[in-house]
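# Structural features, examined
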Amino acid sequence: MCGIVGYVGPRNAVPLLLEGMQRLEYRGYDSAGVAVRQADGRLAVRKRVGRLANLEEALETEPLAGQLGIGHTRWATHGEPSEVNSHPHVDCAGNIAAVHNGIIENYLALRSDLEAKGHVFRSQTDTEVIPHLIEELLKDGAVSRSAAIRQALRQAQGAYALGIVFRDEPAVLYAARCGSPLIVGVGEGEQFIASDVPAILNRVKQVIYLNDGEVAELRPAGVAMAKLDGTPVQPEIKTVTLRAEAAERAGFETFMLKEIHEQPRVLRTMLETHVGKDGAVNLGEVSDLLAAEAAGLQRIVILACGTAYYAGMYGRLLLEAWAGIPCETDLGSEFRYRHPRLPERTLVVAVSQSGETADTLASVRLARRMECKVVGICNVAGSTLLRESDGGLLTQAGPEIGVASTKAFSAQLLAFALLAIRLARLRGAMDAARERELTAALARIPDGIHRVLERQDDVRRISQKYYECYNALYLGRRFNYPIALEGALKNKEISYQHAEGYAAGEMKHGPIALINEFLPVVCLCTPTADEVRDKMVSNLKEVEARKGRIIAVAAEGDATLQGLAQDVIPVPETIEEFSPLINVVALQLFAYYNAKLRGADIDKPRNLAKSVTVE
Ligand code: AGP
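Keep in mind that this is a model prediction, so the values were computed, not measured.

In this section: the environment of Val165. As for its position among the elements, Val165 is in strand E7 (residues 158–166). It is 7.8 Å that separates the C-alpha atoms of Val165 and Leu68, two residues lying 97 residues apart in sequence. Residues contacting Val165, with those up to four places away along its chain left out, are Leu43, Leu68, Ile70, Asn95, Ile96, Ala97, Val172 and Leu173.

In structure tokens:
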């Protein structure tokens with residue numbers, strides 16, 4: 001989704017804006033632009049369609065310089081990707097420039113009203129109403145600029161994060177937020193705004209997370225904030241603990257490969273944080289919330305989108321099996337419109353890597369209106385989800401820059417395992433000995449993942465046989481059914497190879513029609529001994545009988561699978577419940593090499609956005 005950067009201070013804004021925009025590229029974008037208040041008094045705007053490099057080239061040919069500026073990477077919603085639709089947008093006189101992330105839903109009404117008053121619009125965007133509206137409100141000189149911004153935003157409906165600059169106010173940068181993320185970076189004698197922390201991580205260590213309905217006025221010396229009605233707000237400055245290197249590639253060819261390799265460390269960190277020496281799980285404030293809710297809990301509803309939804313499907317199985325609570329998983333985009341009926345004492349668990357996904361947040365707000373308590377599982381400290389939850393469980397994966405989620409997903413799986421153990425213990429459904437047994441098994445998972453990572457060249461060789469296929473089918477059962485869905489999603493996201501994830505038992509109800517000698521069928525076959533193992537082998541036989549090309553993720557030394565599959569990715573065994581944590585890594589690598597061999601832009605797949613902040 002769109003990315004925003006802004007700067008006010010003593011330095012030239014342009015390189016700082018470009019650096020921040022580069023760090024926001026991962027969010028997904030189709031065009032980019034900057035507005036800079038130059039020393040000659042002009043507010044100059046440059047925009048280019050396509051990669052940021054195009055804008056950088058334009059700025060080399062015709063350089064800009066100034067100590068106040070805003071930059072934007074656009075992911076088109078209203079109006080095709082084009083120079084005229086790129087941000088920043090300006091008012092009629094070119095005195096006010098704005099960058100925006102979100103959607104102004106009543107823009108058509110605002111626009112026709114402004115056009116009737118003589119304003120001339122150049123783009124098809126919803127954003128352009130903002131500078132024109134501010135221009136209109138400032139026309140008779142009766143209000144200050146900040147009052148005009150607040151007044152304009154009281155009229156705008158929808159979601160926004162905004163950066164606004166004025167030609168004749170060379171040392172003030174305005175920022176506002178409602179529903180789309182925006183932070184202020186507090187420096188010494190200089191201030192920044194950005195859509196997220198990694199964008200300015202190497203520039204500031206202190207940040208202010210803007211809340212919905214707040215407008216900030218940034219001057220080099222400091223930040224003043226107010227609500228939309230003008231009531232002053234005391235800025236709450238937080239120190240960022242992330243290290244700048246966390247958002248670097250660290251010698252890996254892509255962020256995604258780096259993030260796949262970080263998984264053992266991520267899981268170890270989470271286990272160190274949440275599992276005591278006695279093997280007991282402690283989830284901090286979430287433990288307290290669960291302790292208060294556990295006994296009378298009627299139902300758990302897990303809400304999420306995309307990959308996080310698959311983590312939720314896995315979580316549901318564990319919560320029902322161990323804590324014995326009826327549990328359902330729903331997509332954020334469906335739950336919010338399905339008029340849900342929830343019994344009293346329903347606990348909502350919302351899962352989101354970014355914590356800014358519009359549909360997940362809207363569902364959380366709906367659930368809160370229905371008086372549900374909300375646990376947020378999220379990878380971004382200070383995110384909207386964590387701030388709006390009753391209890392937050394921070395997955396400690398560190399910044400995930402690759403658009404396709406990998407380490408954040410594994411961290412979500414682990415978060416659910418820990419949550420289910422804690423809840424089961426609180427409800428007396430699990431004893432301490434079983435808890436110790438499970439946490440001991442979890443402690444062995446990072447080494448298991450290492451073993452899979454050591455085989456990445458073997459996985460690459462397998463991909464070499466299949467990357468040119470048009471379709472692929474992914475099959476799994478029970479705990480590995482969500483992993484089949486996730487493996488298929490990963491493959492289509494980054495390699496653009498069409499892939500379907502299916503519950504293996506469902507195969508004969510339709511997709512079996514697809515099977516022939518050209519279709520790769522990726523099967524999740526660990527562990528070797530569990531209730532569904534024989535069923536899985538039968539499903540593989542059905543594929544074999546129709547000449548499908550079986551790629552099995554199977555336990556090291558599993559002779560049955562060696563005989564059945566064309567290709568085997570051997571993985572170490574663990575208990576069935578935790579096998580997804582290991583198996584998913586094999587599928588991430590398989591998708592990765594398919595994408596690499598197909599020449600795809602792995603970290604920035606076409607059309608995708610890292611954080612989907614609109615519906
Ligand atoms: C993950 O690979 C995807 N890019 C996407 O499905 C993602 O999981 C989804 O948009 C939800 O994002 P969130 O976790 O930030 O809420």
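From this point, the narrative continues.
To continue, consider the packing of helix H9 (residues 306–323) against helix H13 (residues 407–426). Viewed as axis vectors pointing N to C, H9 and H13 meet at an angle of 20 degrees, and their least axial separation amounts to 9 Å. Considered as vectors, H9 and H13 are oriented roughly parallel to each other. The chirality of how H9 crosses H13 is right-handed. Note on element contacts: H13 touches H9 through Phe409, Gln412, Leu413, Phe416, Ala417, Leu419, Ala420, Ile421, Leu423 and Ala424, opposite Thr307, Ala308, Tyr310, Ala311, Gly312, Tyr314, Gly315, Leu318, Leu319, Trp322 and Ala323. Residues that form the contact of H9 with H13 fall into these classes: 17 nonpolar, 4 polar and no charged.

The subject of this paragraph is the domain arrangement of the protein chain. Assigned domains within the protein chain: domain 1 (3–247), domain 2 (249–443) and domain 3 (449–599). Each of domain 2 and domain 3 was reduced to a C-alpha centroid, and the two centroids are 25 Å apart. Taken together, the contact pairs 30 residues of domain 2 with 27 residues of domain 3. The largest contributions to the domain 2 side of the interface with domain 3 come from Ile260, Tyr310 and Tyr314, which together make up 21% of the buried area. The interface formed by domain 2 and domain 3 includes 2 salt bridges. With a closest N to O distance of 2.9 Å, Lys596 and Glu253 form a salt bridge. Between the two partners, domain 2 and domain 3, sit 9 residue pairs in polar contact (both at pLDDT 80 or more). Looking at the side of domain 2 that touches domain 3, the element that brings in the most residues is H9, giving 8 residues.

This brings us to the site of the ligand. The environment of the ligand is formed by 14 residues, the closest being Ser352, Gln353, Ser354, Thr357 and Glu493. Ser352 places a polar side-chain atom, nitrogen or oxygen, 2.6 Å from an oxygen atom of the ligand. The contact in question runs from a nitrogen atom of the ligand to an N or O atom on the backbone of Val403, over 3.3 Å. Computed on the free molecule, the ligand has an accessible area of 410 Å², of which 91% lies beneath the protein chains in the complex.

By the bridge criterion, 6 bridges tie strand E12 (residues 214–219) to strand E13 (residues 222–227) in an arrangement that is antiparallel. Within E13, the residue paired with Glu214 across the bridge is Lys227. Between the antiparallel neighbours E12 and E13 lie 2 residues. Examined bridge by bridge, E13 and strand E14 (residues 232–233) share 2 bridges and lie antiparallel to one another. Bridge pairing links Met225 to Val233 in E14. The antiparallel hairpin formed by E13 and E14 contains 4 residues in its connecting segment, where Gly230 sits at a positive phi of about 95 degrees.

What follows covers the nonpolar core. Of all hydrophobic cores here, the largest spans 94 residues; its most connected members are Ile300, Phe416, Leu442 and Phe578. For this core, the leading source of residues is H13, giving 13 residues. Here this core gathers at least three residues from each of two domains, domain 2 (249–443) and domain 3 (449–599). Other than its neighbours up to four places away in sequence, Phe416 contacts Ile302, Ala311, Gly312, Tyr314, Gly315, Leu318, Leu319, Val349, Val351 and Ile377. The next biggest cluster of nonpolar side chains, apart from the first, holds 30 residues, and it includes Val5, Leu64, Ala199 and Val204.

About the criteria used
- Residues numbered from 1 in each chain as written.
- Predicted model: local features only at pLDDT ≥ 70, side-chain atom pairs only at ≥ 80, totals over all residues.
- Heavy atoms only, no water.
- Helix = DSSP H or I, 4+ residues; strand = E, 2+ residues; numbered from the N terminus.
- Contact = heavy atoms within 4.5 Å.
- Axes fitted to C-alpha atoms, helices over the stretch in contact; angles between N-to-C directions.
- Parallel < 35°, antiparallel > 145°, perpendicular 65-115°, else oblique.
- Left-handed = near helix turned anticlockwise from the far one by under 90°.
- Nonpolar A, V, L, I, M, F, W, Y, C, P; charged D, E, K, R; others polar.
- Domains from an automatic or database assignment.
- Buried area = accessible area lost by both parts, 1.4 Å probe.
- Salt bridge = Lys/Arg side-chain N within 4 Å of Asp/Glu carboxyl O.
- Polar contact = N/O pair within 3.5 Å; in protein donor to acceptor, adjacent residues only side chain to side chain.
- Near = heavy atom within 4 Å.
- Areas by Shrake-Rupley, 256 points an atom, 1.4 Å probe, with all protein chains shown as cover.
- Pairing = 2+ DSSP bridges.
- Core = buried A, V, L, I, M, F, W, Y, C linked by side-chain atoms within 4.5 Å.
- Buried < 20%, exposed > 50% of the residue type's maximum accessible area, 1.4 Å probe, protein only.

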